[in-house]
Amino acid sequence: MPKATETTLEIDLNALAHNYKYICSKVRPNTKILAVVKANGYGTDSVIIARELVKLGVDYFSVAYAIEGSSLRDAKIETPILVLHPLPVNFGLILERCMEPSIYSAKMLVEFIAFAERKKQKNYPIHLKFNTGLNRLGFDKKDIVWISEQLQKTSSVKVKSIFSHLAASEDPSEDAFTAKQCLVFKSISEKLIGVLGYVPLLHALNTSGVLNYPEAQFDMVRTGIGIYGFGNSPEENKQLKPVASLKTVISQIHSIAPGESVGYNRSYKATDVTIIATLPLGHADGINRAFGNEVGWVTIKGEKAPIIGNVCMDMMMVDITLIKCQEGDEVVVFGTNPTAEELSITINSIAYELLTNVSSRIKRTLSYK
Ligand SMILES: *Cc1c(COP(=O)(O)O)cnc(C)c1O
């Protein structure tokens, strides 16, 4: 990969393939893999990621909103797409682009069946989402009989899968809770299959579920963060490779005297002669203001350069007093050093948030390392 000459998000497709194969190695060979490419492929580029995953043999994609799936269809991706959070206003788009809605409430089921009937659909695939403890989206166990009554009255839809989502699969201290969620999901699925009279796919695990509870893999697993290079422990992170690296360059270097300040509100004040570098990215690019004032850092020539002063909208300043570097040199914001996880921890956040915040104005480039 040539050195960055402007702010760039490098997408490493070899890392993607490596991570995908690693996740596959953790489940049975016949377990289907659903790759989650919501939020523009966790901040990368959902089309680039999806195209590569199609080559790798992925079974399913998932997005949060219908509009995200629509971009995949525009790119001629024909793999089934589960829309995790459809809203009735998007039913038209979902049907038009052959996407498959997660149906999570009575209102949704009634409205989607009515819609599918109006559109003269037969066995349109839907996915029934059950709440087993996350308390976010999903039917309750007690809805099963009502659901089966609605389904018996129509042939416009067919249940392609039954699924649930774990609340704390990454947290060993919540092991008992997670085990209970898996059991509840199993009993809901069995009961529902009994009344449906056919057997849909079952799935409950996200990435950390795959890593910690492979016994609950059922027919399919939904992996997001894992394919982008993060597991849920330092050991697992070593087995995975970050797909996204955010790089930039030094725009300008200043030497400031003791007593001088840096940036808005003069929040950094130099006590000694300090060399600072100005970088062309800021909070509008996804660098949270909380990283300012020496909380976060970037890497220049392999060395840590603390972010000083307040992060501006389009720029930020770092302390390079101890680093031999010049204007135009490459700067790593996150990638392998620091990783998105290491950097996000400094502001009590998670890799997911830092990755998905990378703004759309930042150029994406591909690397096959
Ligand atoms: C985002 C999401 C996933 C992926 O989770 P990871 O922790 O990134 O693997 C899986 N299932 C649902 C329902 C999600 O919303």
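Up top you'll find the structure we're talking about.
Residues numbered from 1 in each chain as written. Predicted model: local features only at pLDDT ≥ 70, side-chain atom pairs only at ≥ 80, totals over all residues. Heavy atoms only, no water.

*Asks:* How do you make sense of the pairing of strand 18 (residues 330-334) when you look at a structure like this?
*Replies:* On a regular strand, one side chain projects to one face of the sheet and the next to the other, so that they alternate. With 5 of its 5 residues buried, strand 18 lies for the most part within the structure. Alignment of strand 10 (residues 244-249) against strand 18, held across 4 bridges, turns out to be antiparallel. Each residue of the ladder has a partner; that of leucine 246, found in strand 18, is phenylalanine 334. (Buried < 20%, exposed > 50% of the residue type's maximum accessible area, 1.4 Å probe, protein only. Helix = DSSP H or I, 4+ residues; strand = E, 2+ residues; numbered from the N terminus. Pairing = 2+ DSSP bridges.)

*Asks:* What am I meant to see in the packing of helix 6 (residues 106-118) against helix 7 (residues 144-152) here?
*Replies:* Relative to each other, helix 6 and helix 7 sit at 5 degrees, their axes nearing to 11 Å. Taken as axis vectors, helix 6 and helix 7 run roughly parallel relative to one another. Within the contact between the two elements, helix 6 uses Ala106, Leu109, Val110 and Ile113 and helix 7 uses Trp146, Ile147, Gln150 and Leu151. Looking at the contact of helix 6 with helix 7 residue by residue, the classes come out as 7 nonpolar, 1 polar and no charged. (Axes fitted to C-alpha atoms, helices over the stretch in contact; angles between N-to-C directions. Parallel < 35°, antiparallel > 145°, perpendicular 65-115°, else oblique. Contact = heavy atoms within 4.5 Å. Nonpolar A, V, L, I, M, F, W, Y, C, P; charged D, E, K, R; others polar.)

*Asks:* For this particular structure, what's the right way to read the packing of helix 7 against helix 8 (residues 175-196)?
*Replies:* When two helices pack together, their arrangement is captured by the angle between the axes and the distance separating the axes. Contact pair helix 7 / helix 8: the axes reach a minimum separation of 10 Å and the direction vectors enclose 30 degrees. It follows that helix 7 is roughly parallel to helix 8 by the angle criterion. The handedness of the crossing between helix 7 and helix 8 comes out as right-handed. Residues Ile144, Ser148, Leu151 and Gln152 of helix 7 form the contact with helix 8, whose own contacting residues are Ile188, Lys191, Leu192, Val195 and Leu196. By residue class, the composition of the contact of helix 7 with helix 8 is 6 nonpolar, 2 polar and 1 charged. (Left-handed = near helix turned anticlockwise from the far one by under 90°.)

*Asks:* In this structure, what is going on with the packing of aromatic side chains? I would like to understand it.
*Replies:* Both the distance between ring centres and the angle between the ring planes are used here to describe each pair of aromatic rings. Per the counting criterion, the structure on display carries 8 aromatic pairs. With 6.3 Å between their ring centres and 40 degrees between their planes, phenylalanine 112 and phenylalanine 115 make a pair best called tilted. Of the two residues, phenylalanine 112 and phenylalanine 115 both sit in helix 6, 3 residues apart, roughly one turn of that helix. Overall, the relative accessible area of 1% leaves phenylalanine 112 in the buried class. On the basis of an interplanar angle of 45 degrees and a centroid distance of 5.9 Å, the ring pair of phenylalanine 130 and phenylalanine 139 is categorised as tilted. Note on phenylalanine 130: relative accessible area 1%, which makes it buried. Taken together through their ring pairs, the aromatic side chains of Phe91, Phe112, Phe115 and Tyr124 make up a single cluster. Cation over ring: lysine 158 sits above tyrosine 198, and NZ or CZ is 4.6 Å from the ring centre. A cation over an aromatic ring shows up here: lysine 304 above the ring of tryptophan 297, its NZ or CZ 4.2 Å from the ring centre. (Phe/Tyr/Trp six-rings, centres within 6.5 Å; stacked < 30°, edge-to-face > 60°. Lys NZ or Arg CZ within 6 Å of the ring centre and 35° of its normal.)

*Asks:* Looking at this structure, how should I read helix 4 (residues 66-74)?
*Replies:* An α-helix turns once per 3.6 residues; consequently, residues spaced three or four apart project the same way. Within the sequence span of helix 4, burial applies to Ala66, Glu68, Gly69, Ser70, Leu72 and Arg73. Where helix 4 is buried, its residues touch helix 2 (38-43), helix 3 (46-56), strand 3 (60-63), strand 4 (81-83) and helix 5 (91-96). Just downstream of helix 4 lies lysine 76, where phi reads positive at about 65 degrees.

*Asks:* Even after reading the chapter, I still don't get helix 3, so can you show me in this structure?
*Replies:* Among all positions of helix 3, only Ser46, Val47, Ile49, Ala50, Glu52 and Leu53 are buried. Looking at the buried residues of helix 3, the elements they touch are strand 1 (8-12), helix 1 (13-25), strand 2 (32-36), helix 2, strand 3 and helix 4. Residue aspartate 45 occupies the N-cap position of helix 3, its side-chain oxygen lying 3.1 Å from the main-chain nitrogen of valine 47. In the segment just after helix 3, glycine 57 is the residue with positive phi, at about 95 degrees. (Polar contact = N/O pair within 3.5 Å; in protein donor to acceptor, adjacent residues only side chain to side chain.)

*Asks:* What's the story with the site of the ligand in this structure? I'm lost.
*Replies:* Near the ligand there are 13 residues, and of these Lys38, Tyr42, Thr207, Ile225 and Tyr352 occur at the shortest range. Between an oxygen atom of the ligand and a side-chain N or O atom of arginine 136, the distance comes to 3.3 Å. Interatomic distance of 2.7 Å between a backbone N/O atom of isoleucine 225 and an oxygen atom of the ligand. When isolated, the ligand has an accessible area of 390 Å², and the protein chains bury 93% of it. Those elements that place two or more of their residues in the shell around the ligand are helix 2 and strand 9 (220-223). Taken together, the residues that form the shell around the ligand break down as 5 nonpolar, 5 polar and 3 charged. (Near = heavy atom within 4 Å. Areas by Shrake-Rupley, 256 points an atom, 1.4 Å probe, with all protein chains shown as cover.)

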